[in-house]
Amino acid sequence: MNARMTDWAKGGYEQLLKLMAKQNRCKLNETKVRPLVVYIETFPTNDRGFIDELDSAITELADFIVISDRNMDYPLKFSPQFLNHSFKALINADIVLCDNYVPFLQRQYLNPHAVVIELWHATGAIKCFGYGDPETAKRTLAEQARFHRVYDTIDYFVVGSDKMAEIFEESYEVSTNHFLKTGSPRTDIFFDYKRLTMTTETKKKLGLTDRPLIFYTPTYRKTAVTTFPLDVQKMRENFGETHQLVVQLHPHDDDLYRLVEDQLLEDDDFLVINHEPTILPQLLTLTEWLITDYSSVVFEYALANPNGNALFYWYDQEAYEKKVGIQPGFDQELPGPLVHSTNELLLAMTLHTRTDFKDFNAVWNQYNDGHASKRLLTKIKEWLNEID
């Protein structure tokens, strides 16, 4: 489908939603008894308990609905069920929370007085997004206008640092009064020892021993790959007896998963492949060496294991900068070594002593202190109490 046809299809979809919003909003408001809070969940592993906390905190003040592909009654994907249930809930909501860019989250569909809060799905940002993404300028004018309508719909961005607020200012072109500097609720788990402790059963199921972990978790790439970026055999030769290598990829990285699964050997416990992203916080606490690239996982690792070591494996740096973009100057602020090949990586692991996360945390985890959820819930309850 070419760009013109895509614009036509998306434009028709928006007109349908606009018509439905106009026809249903008045009817729904007439039958509405209590305020309504809606959470749009695009990342099932993002909330880390915040959805349950929110549900419990507002139970006496408002009704609560989660729009998610995990919720059959209120699905996220376009379908008759979405139109009849999810979208009708959204246009009637008094407070909307989301964790990503959501195309149908536009002010033209919503209750005029609705408060929209962007929680985001990352604590910090290495790669560019929004208007900072080089691909955005290549989109059609209709698509760029759609992006702008969504960005303008968001009243508040929840951030864990002034630095992340600055990035949102540039990426979404928003002013400084649009930020809730409560800290990111998804980071509260890193201050809860009980929740961070991995159970013996989980370790056994995953195949972990008592050896320290080398954790490789690259970000998602849309481009196809034919070889696994990390030379697992070289890693095995150097660390096979002293460590385990855990690999966690994006759920949609099917080709990359197949490539790393080819590296598995019988009667060898060095390579472990994790398919369960919900245990990421627990894995980070056990990790001696984090190998990442442009993923936001490093911002959480700095909280989970401030005495650990981070290595930035940017094997495709030049191409990635052109295609996706890297936050300006970030390569000068890295808390750990920057490498471009497995050989450079091995050398860095040999020479590197310890990553100092003190300054890094001061910049990126400024407000993330384990009480972010509490502060945000207090603000949400204040808004609910102000509704007539």
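Refer to the structure printed above.
**Student:** Lay out the pattern of salt bridges with the relevant residues and their values.
**Tutor:** What the rule picks out here adds up to 19 salt bridges. Arginine 48 is the salt-bridge partner of glutamate 300, the closest N and O atoms lying 2.9 Å from each other. With glutamate 300 in helix H11 (residues 297-304) and arginine 48 in the loop between strand E1 (36-40) and helix H2 (50-58), this pair connects stretches of sequence that are 252 residues apart. Taking the shortest distance from any N to any O, the salt bridge between arginine 221 and aspartate 316 comes out at 2.8 Å.

**Student:** Explain the packing of H2 against helix H15 (residues 372-386) residue by residue, including any values.
**Tutor:** Between H2 and H15, whose axes approach to 10 Å, the crossing angle comes to 40 degrees. As the angle between them shows, H2 and H15 are arranged oblique. Crossing of H2 over H15 shows right-handed handedness. Contact with H2, carried on its side by Phe50, Glu53, Leu54, Ala57 and Ile58, involves Ser373, Leu376, Leu377, Ile380, Lys381 and Leu384 of H15 and no other residues of that element. Here the residues of the contact of H2 with H15 sort into eight nonpolar, one polar and two charged.

**Student:** Explain helix H3 (residues 80-92) residue by residue, including any values.
**Tutor:** Compared with the 18 Å implied by 1.5 Å per residue over 13 residues, the 18 Å span of H3 between its first and last C-alpha is a close match. The complete set of buried residues in H3 reads Phe82, Leu83, Ser86, Phe87, Ala89, Leu90, Ile91 and Asn92.

**Student:** Can you explain the sheet that holds strand E5 (residues 156-158)? Please cite residues and give values.
**Tutor:** Strand-to-strand pairing in sheets goes through backbone hydrogen bonds, with the strands running parallel or antiparallel. The six strands are arranged E2-E1-E3-E4-E5-E6 in an open sheet whose pairing can be described as parallel. The open sheet is flanked by strand E2 (63-67) and strand E6 (179-180), the only strands paired with a single partner. Across the face of the sheet, H3 comes into contact with E1, E2 and strand E3 (95-98) while running at roughly 125 degrees to E1.

**Student:** So what's going on with the pairing of strand E10 (residues 287-292)? Residues and values would help.
**Tutor:** Across the six residues that make up E10, a large majority, five, are buried. Where strand E7 (residues 213-216) meets E10, four bridges bridge the pair, whose relative direction is parallel. From the neighbouring strand, isoleucine 214 faces E10, where its bridge partner is tryptophan 289. Relative to strand E11 (residues 309-313), E10 runs parallel, the two sharing four bridges. Of the residues in E11, the one forming a bridge with isoleucine 291 is leucine 311. What joins E10 to E11 is H11, and the crossover it makes is right-handed.

**Student:** Please provide a residue-by-residue account of the sheet that holds strand E12 (residues 338-339), values included.
**Tutor:** Taken in spatial order, the six strands line up as E9-E8-E7-E10-E11-E12 in an open sheet, and their pairing is parallel. Lying at the two open borders of the sheet, with one neighbouring strand each, are strand E9 (271-273) and E12. As defined by bridge partners, E11 adjoins E12 across two bridges and the pair is classed as parallel. Paired with phenylalanine 312 across the bridge in E12 is leucine 338. With respect to the sheet, H11 is in contact with E10 and E11, its orientation differing from that of E10 by roughly 165 degrees.

Each value, and the rule that gives it
Residues numbered from 1 in each chain as written. Predicted model: local features only at pLDDT ≥ 70, side-chain atom pairs only at ≥ 80, totals over all residues. Heavy atoms only, no water. Salt bridge = Lys/Arg side-chain N within 4 Å of Asp/Glu carboxyl O. Helix = DSSP H or I, 4+ residues; strand = E, 2+ residues; numbered from the N terminus. Axes fitted to C-alpha atoms, helices over the stretch in contact; angles between N-to-C directions. Parallel < 35°, antiparallel > 145°, perpendicular 65-115°, else oblique. Left-handed = near helix turned anticlockwise from the far one by under 90°. Contact = heavy atoms within 4.5 Å. Nonpolar A, V, L, I, M, F, W, Y, C, P; charged D, E, K, R; others polar. Expected span 1.5 Å × (residues − 1). Buried < 20%, exposed > 50% of the residue type's maximum accessible area, 1.4 Å probe, protein only. Pairing = 2+ DSSP bridges. Right-handed = clockwise from strand over helix to strand, strands pointing away.

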